[in-house]
Amino acid sequence: MNESRVFSNKEVLAKLKELNVLLIKADNTKRLQTISDDFPRYGRVALPVNVIAPADPNAPVIVMPEVFGPEEALKALEEAAKASR
C-alpha cells in the first residue's frame, strides 16, 4: 500500500531526488533471519518497516507508521534533512 500511495507520488519522488535520497528495499519472501533480526530494532515484528535515516549518523532514524501517506513522508524527509544540516 505504501509503495503505491507514497513511493509513486510525484511530490515524494521529486523530494527524494532533491534530497539525493537512496531508497533501499528489503524483500523477505524467503524469511531471511538477517532481515527478521532487524525488526525489533525498529519496534516491529514483521514487514512493512519504513525507516528514514538522516545523513548524519548521530541523528535518530525516523520509523514511519505501518501505513502512511505522501504528506507524512514529505514531513519525515524534511525532518531528516534538517537533522543532517
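Let me begin by describing the structure that accompanies this report. Just so it is clear, the model here is predicted, and its values are computed rather than measured.

Parameters at a glance
Residues numbered from 1 in each chain as written. Predicted model: local features only at pLDDT ≥ 70, side-chain atom pairs only at ≥ 80, totals over all residues. Heavy atoms only, no water. Helix = DSSP H or I, 4+ residues; strand = E, 2+ residues; numbered from the N terminus. Rg over C-alpha atoms; globule rule 2.2 N^0.38 Å. Buried < 20%, exposed > 50% of the residue type's maximum accessible area, 1.4 Å probe, protein only. Areas by Shrake-Rupley, 256 points an atom, 1.4 Å probe, with all protein chains shown as cover. Core = buried A, V, L, I, M, F, W, Y, C linked by side-chain atoms within 4.5 Å. Contact = heavy atoms within 4.5 Å. Expected span 1.5 Å × (residues − 1). Arc of directions from axis to C-beta. Salt bridge = Lys/Arg side-chain N within 4 Å of Asp/Glu carboxyl O.

Points about the overall build of the protein chain
(1) Moving on: On a plain count of helices and strands, the protein chain comes out with four helices and two strands.
(2) Moving on: Against the compact-globule benchmark of 12 Å for 85 residues, the protein chain has a radius of gyration of 13 Å, which places it among compact chains.
(3) Moving on: Taken over the C-alpha atoms alone, the protein chain extends approximately 35 × 30 × 20 Å along its principal axes.
(4) Moving on: Residues counted as buried form 31% of the 85 residues belonging to the protein chain.
(5) Moving on: Carbon and sulfur atoms provide 54% of the accessible area of the protein chain, an area that totals close to 6300 Å².

As for the nonpolar core
(1) Moving on: Grouped together as the largest cluster of nonpolar side chains are twelve residues: Val6, Val12, Leu16, Ile52, Ile62, Met64, Phe68, Ala73, Leu74, Ala76, Leu77 and Ala80.
(2) Moving on: Counting residues per element, the ones that place at least two in this core are helix H2 (10-18) and helix H4 (70-83).
(3) Moving on: Looking at this core element by element, the count peaks at five residues for H4.
(4) Moving on: Aside from chain neighbours lying at most four places away, what touches isoleucine 52 is Val61, Ile62, Met64, Ala73, Ala76, Leu77 and Ala80.

Quick word on H4
Along an α-helix, residues three or four positions apart point the same way, because every turn accommodates 3.6 residues.
(1) Moving on: Between its terminal C-alpha atoms H4 stretches 20 Å, which fits the 20 Å expected from 14 residues at 1.5 Å a residue.
(2) Moving on: Those residues of H4 not exposed but buried are Pro70, Ala73, Leu74, Ala76, Leu77, Ala80 and Ala81. What you see down the axis of H4 is that its buried residues fit within an arc of 165 degrees, all on one side. What points out from H4, more than 90 degrees from its buried face, is the exposed set Glu71, Lys75 and Lys82.

Observations concerning the pattern of salt bridges
(1) Moving on: Counted according to the given criterion, the structure contains four salt bridges.
(2) Moving on: Here glutamate 18 makes a salt bridge to lysine 15, at a shortest N to O gap of 3.3 Å. With glutamate 18 and lysine 15 both in helix H2 and three residues apart, this pair spans about one turn of that helix.
(3) Moving on: The salt bridge partner of lysine 15 is glutamate 78, with a shortest N-O separation of 2.4 Å. Separated by 63 residues along the polypeptide, lysine 15 in helix H2 and glutamate 78 in helix H4 bring together distant segments of the chain.
(4) Moving on: With relative accessibility at 15%, the residue lysine 15 sits in the buried group.
(5) Moving on: By relative accessible area, which is 26% here, glutamate 78 ends up partly exposed.

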